[in-house]
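So you can see what is in the structure, the chains are spelled out below.
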Amino acid sequence: MFSLQNKITIVTGAGSGIGAAIAEAFASSGAMVYVAEYNEVGGKETVAKIEKSGGVAKFALVDVTNETECQALIKRVLEENGGRCDVLVNNAGVGHVGTILTTEPADLDRLWRVNFLGAYHLSRAVLPAMLERKTGSIINLGSIAAITGMESRFAYTVTKHAVLGLTRSMAMDLGSSGVRVNCICPGRVQTPFVDARLREYADPQEYLQQMVAPHTLKRMAQPSEIAGAAVYLASDESAFVTGSAFVIDGGYTAGK
Ligand SMILES: NC(=O)c1ccc[n+]([C@@H]2O[C@H](COP(=O)([O-])OP(=O)(O)OC[C@H]3O[C@@H](n4cnc5c(N)ncnc54)[C@H](O)[C@@H]3O)[C@@H](O)[C@H]2O)c1
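Here's a quick rundown of the structure. Along every chain, residues carry numbers that run from 1 in the direction the sequence is written. pLDDT decides what is reported in this predicted model: residues at 70 or higher carry local features, side-chain atom pairs at 80 or more are listed and counted, and totals for whole chains, interfaces and linings draw on all residues regardless.

Moving on: the overall build of the protein. Of regular secondary structure, the protein possesses eight helices and seven strands. It is over C-alpha atoms that the radius of gyration is taken, and the globule rule equals 2.2 Å times the number of residues to the power 0.38. For a compact globule of 256 residues, the expected C-alpha radius of gyration is about 18 Å, and the protein comes in at 17 Å, within 12% of that figure. Here exposure depends only on C-beta density: within 10 Å of a residue's C-beta, 20 or more other C-beta atoms make it buried, 12 or fewer make it exposed, and intermediate numbers make it partly exposed, the C-beta atoms being placed from the backbone. Of all 256 residues assigned to the protein, the portion counted as buried reaches 47%. A sequence separation of at least 24 residues applies to 74% of the contacts in the protein between residues at least 6 apart. In this description a helix means any DSSP run of H or I spanning at least four residues, a strand means any run of E spanning at least two, and both kinds are numbered starting from the N terminus. Once C-beta atoms have been placed from the backbone, residue pairs whose C-beta atoms lie within 7 Å are recorded as contacts.

Next up, the structure:
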């Protein structure tokens, strides 16, 4: 495994699913992890799990849609660590099922604020400190919906394409500053996020089969299979990687 020894890291949405797996993998690779969540119960559970296995983590209550709270989180992390924040993972995200016709403005606004603006607010807040130290890694959670169109996922596809756009635009502008920005694009991952979608269908088993079918590997990923890529992108071993759409999709997009 790649080393994150002594790195100060923030993982948003780390109280569940992929974010929790990333936080745990970061801690077991030697990083200090801020578990940034608006779900206090889930976030504190992740912190407890990390501490139980000998890692170092702190809970941070934040709603990533709120710019002031995002700025306060970064201020706290910098103050507690002598101006350092090495890694930011913008993982908090929400989904929605609907076409353009069945997606109300309020639905699109909610997904835009969590999936896109959360990453925008936190990246803007942390960048000056990263630029001053000429080092940093920002990792955004995209999706295969950042690369391909996805049926009945209008708001999700739009906002995840925007997350990949944010990644590429920032990577271009940051150039050789020492700050790298990448986007992980997973296929379906077995998390509460997917379980919630399944419950929206009359026949969850049938829908599960439909979800898995486009993946060449004919299964969903486990959160730990995404976390490994985040550890790599956070580590110094990925120094030549920026602006990438790091696809981990069991072959979903291979035939697209
Ligand atoms: N599960 C999948 O199949 C899949 C596939 C591709 C991409 N993704 C992306 O990966 C990320 C994590 O997904 P997951 O499946 O682990 O989801 P999840 O629902 O299990 O966890 C998401 C976490 O984000 C937190 N969160 C939501 N809104 C927040 C806010 N405003 N402020 C702070 N925290 C907030 C939630 O409390 C939750 O703990 C998301 O960005 C999602 O779009 C998931």
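The next thing to look at is the site of the ligand. Here is the check we use: build the C-beta atom from the backbone, and if it is within 6 Å of the molecule or strand, call the residue near. Within the structure, the ligand sits among 29 residues, and Gly13, Ser16, Gly17, Gly93 and Phe193 are positioned closest to it. Sorting the residues of the shell around the ligand by element identifies helix H1 (17-28) and helix H6 (192-199) as the ones contributing at least two each. Just so you know the grouping, Ala, Val, Leu, Ile, Met, Phe, Trp, Tyr, Cys and Pro go in nonpolar, Asp, Glu, Lys and Arg go in charged, and all remaining residues, Gly too, go in polar. A breakdown of the residues in the shell around the ligand according to their chemical character gives 13 nonpolar, 13 polar and three charged.

Let us now look at the nonpolar core. Val11, Ile22, Ala23, Phe26, Val33, Val35 and Ala230 are the most contacted members of the largest nonpolar core, which has 74 residues in total. Per-element tally for this core: the top contributor is helix H4 (residues 105-133), with 10 residues. In this structure, Ile22 is in contact with Val11, Ala14, Val89, Asn91, Ala227 and Ala230, ignoring residues within four places of it in sequence. Working definition: the nonpolar core is a set of buried Ala, Val, Leu, Ile, Met, Phe, Trp, Tyr and Cys residues, joined through C-beta atoms within 7 Å.

A few words on unusual backbone geometry. At Asn6, a residue that is not glycine, the phi angle is positive and equals roughly 70 degrees. Looking at the secondary structure, you find Asn6 in the segment before strand E1 (8-12). In this structure, Ser152 is a non-glycine residue whose phi angle is positive, near 55 degrees. Note that Ser152 resides in the loop between strand E5 (136-141) and helix H5 (154-174).

Turning our eyes to something else, we now look at the pairing of strand E3 (residues 56-61). A pair of strands counts as paired when DSSP detects no fewer than two bridges linking them. Pairing between strand E2 (residues 32-37) and E3: six bridges, direction parallel. Bridged to Glu37 within E3 is Leu61. Between the parallel pair E2 and E3, the chain is carried across by helix H2 (residues 40-52), and the sense of this crossover is right-handed. Look down the strands so they point away from you; if the path from the first strand over the helix to the second goes clockwise, the crossover is right-handed.

Across the sheet, which stays open at both edges, the seven strands sit in the order E3-E2-E1-E4-E5-E6-E7 with parallel pairing between neighbours. Two strands in the sheet have a free side with no partner beyond their single neighbour: E3 and strand E7 (245-248). Taken pair by pair, the neighbouring strands of this sheet meet at an average axis angle of 20 degrees, ignoring direction. Both strand E6 (residues 179-186) and E7 contribute to a ladder of four bridges, which runs parallel. Fitted lines through C-alpha atoms give the axes, limited to the stretch in contact for helices. The angle between two N-to-C directions lies from 0 to 180 degrees.

In this section: the environment of Ala23. Position of Ala23 relative to the elements: it lies in helix H1. Considering only alpha carbons, one finds Ala23 and Ala57, 34 residues apart in sequence, at a separation of 8.4 Å.

Take the number of residues in a helix, subtract one, and multiply by 1.5 Å to get its expected span. With 14 residues, helix H3 (residues 67-80) extends 20 Å from end C-alpha to end C-alpha; this agrees with the ideal 20 Å at 1.5 Å per step. For H3, the complete set of buried residues consists of Cys70, Leu73, Ile74 and Val77. Viewed along the axis of H3, the buried residues span an arc of 90 degrees, placing them on a single side of the element. In this structure, H3 carries Thr68, Lys75 and Glu79 as exposed residues pointing more than 90 degrees from its buried face. Two residues or fewer past H3, Gly82 is found with a positive phi of approximately 55 degrees. The arc under discussion is defined with respect to the helix axis, by the directions toward the C-beta atoms.

Let us now look at the packing of H1 against helix H8 (residues 223-234). Relative orientation of the contacting elements H1 and H8 amounts to 50 degrees, with a least axis distance of 8 Å. Judged by the angle between their axes, H1 and H8 are oblique. In terms of crossing hand, the pair formed by H1 and H8 is right-handed. Residues Gly17, Ile18, Ala20, Ala21, Ile22, Ala25 and Phe26 of H1 form the contact with H8, whose own contacting residues are Pro223, Ser224, Ile226, Ala227, Gly228, Ala230, Val231 and Ala234. Taken together, the residues that form the contact of H1 with H8 break down as 12 nonpolar, three polar and no charged. Throughout this description, any angle smaller than 35 degrees is read as roughly parallel, any larger than 145 degrees as roughly antiparallel, any in the 65 to 115 degree range as roughly perpendicular, and the remainder as oblique. Crossings are sorted by hand: turned counterclockwise from the far helix by less than a right angle, the near helix makes the crossing left-handed, and turned clockwise it makes it right-handed.

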